[in-house]
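Topology and contacts: notes
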Amino acid sequence: MRTWSPAKLLVVGASVAGAMVVLPHAASAAEPEQALVHASPQNDCKLNVRAGADVGSTLLATLSCTNYTTCVSATDVPCGPYATGGVYTCVGSDGKQLTDNRWAEVAWRAPQKSYVAVGCAVFRA
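Residues numbered from 1 in each chain as written. Predicted model: local features only at pLDDT ≥ 70, side-chain atom pairs only at ≥ 80, totals over all residues. Heavy atoms only, no water.

Taken as a whole, the largest pocket spans an internal volume of roughly 200 Å³. Taken together, N43, K46, L47, N48, R50, V55, Y88, T89, C90, W103, A117 and C120 make up the full set of residues lining the largest pocket. Looking at the lining of the largest pocket residue by residue, the classes come out as 7 nonpolar, 3 polar and 2 charged. (1 Å grid on protein atoms, 1.4 Å probe; cavity = no way out; pocket = protein on both sides within 12 Å on 5 of 7 lines; lining within 4 Å. Points joined across faces, edges and corners; volume = space filled by probe spheres on them. Nonpolar A, V, L, I, M, F, W, Y, C, P; charged D, E, K, R; others polar.)

Laid out in structure tokens, this is it:
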């Protein structure tokens, strides 16, 4: 039978305690979650993902009403804060034509930046 000295037990105990200290940070309930973004039915279920915050930027993909991408930022504003960029027009959630220049950064081609037009998008937490 093996016996452990108090010094060995202290070293083993300290090692175990040290391992418990380095556990990863858990998100608190107060931290907002990243939202998902997709196209709206008002825009024929089409939402362009662009390489920049402008309609002239390279088109990377077109989201539908059933495929999503993730917002880069997680604030109390879905996908915010928004970037100010080029002006675009689309049909807003109220069914009326809108003109806006707010763009949301999305994780389409991470780590390269990608954007969607905020006024044309639907956000879901």
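Let us now look at the side chain of S114. Relative to the helices and strands, S114 resides in strand β7 (residues 114-117). With a relative accessible area of 0%, S114 lands in the buried category. Of the polar contacts made by the side chain of S114, one reaches the backbone nitrogen of R109; its length is 3.5 Å. (Helix = DSSP H or I, 4+ residues; strand = E, 2+ residues; numbered from the N terminus. Buried < 20%, exposed > 50% of the residue type's maximum accessible area, 1.4 Å probe, protein only. Polar contact = N/O pair within 3.5 Å; in protein donor to acceptor, adjacent residues only side chain to side chain.)

The next point concerns the pairing of β7. As a general feature of sheets, a regular strand has side chains that alternate between the two faces. Here β7 shows no split at all, with S114 and V116 on one side and Y115 and A117 on the other all buried. In this sheet, β7 lies alongside strand β6 (residues 97-106) in antiparallel orientation, the contact comprising 4 bridges. Across the sheet, the residue bridging to E105 is Y115, located in β7. (Pairing = 2+ DSSP bridges.)

The next thing to look at is the state of the cysteines. Across all of its chains, the model carries 3 disulfides by this definition. At a sulfur-sulfur separation of 2.0 Å, the disulfide partner of C45 is C65. Across the S-S bond of C45 and C65 the torsion is about -95°, and the bridge reads as left-handed. Remark: C65 occurs in the loop between β3 (59-63) and β4 (69-70) and C45 occurs in the loop between β1 (36-39) and β2 (47-50); sequence separation between them is 20 residues. Note that C71 is cross-linked by a disulfide to C79, the S-S spacing being 2.0 Å. Because the torsion about its S-S bond is -110°, the bridge between C71 and C79 counts as left-handed. Residue classification places C71 among the buried positions, given a relative accessible area of 0%. (Disulfide = S-S within 2.5 Å.)

All right, on to the side chain of S57 then. Along the polypeptide, S57 turns up in the loop between β2 and β3. Look at S57 and you get buried, because its relative accessible area is 19%. Beyond its immediate chain neighbours, meaning those up to four positions away, S57 contacts R50, A51 and G52. (Contact = heavy atoms within 4.5 Å.)

Enumeration according to the criterion identifies 2 salt bridges in this entry. Measuring nitrogen to oxygen at the nearest pair gives 4.0 Å for the salt bridge that ties E105 to K113. (Salt bridge = Lys/Arg side-chain N within 4 Å of Asp/Glu carboxyl O.)

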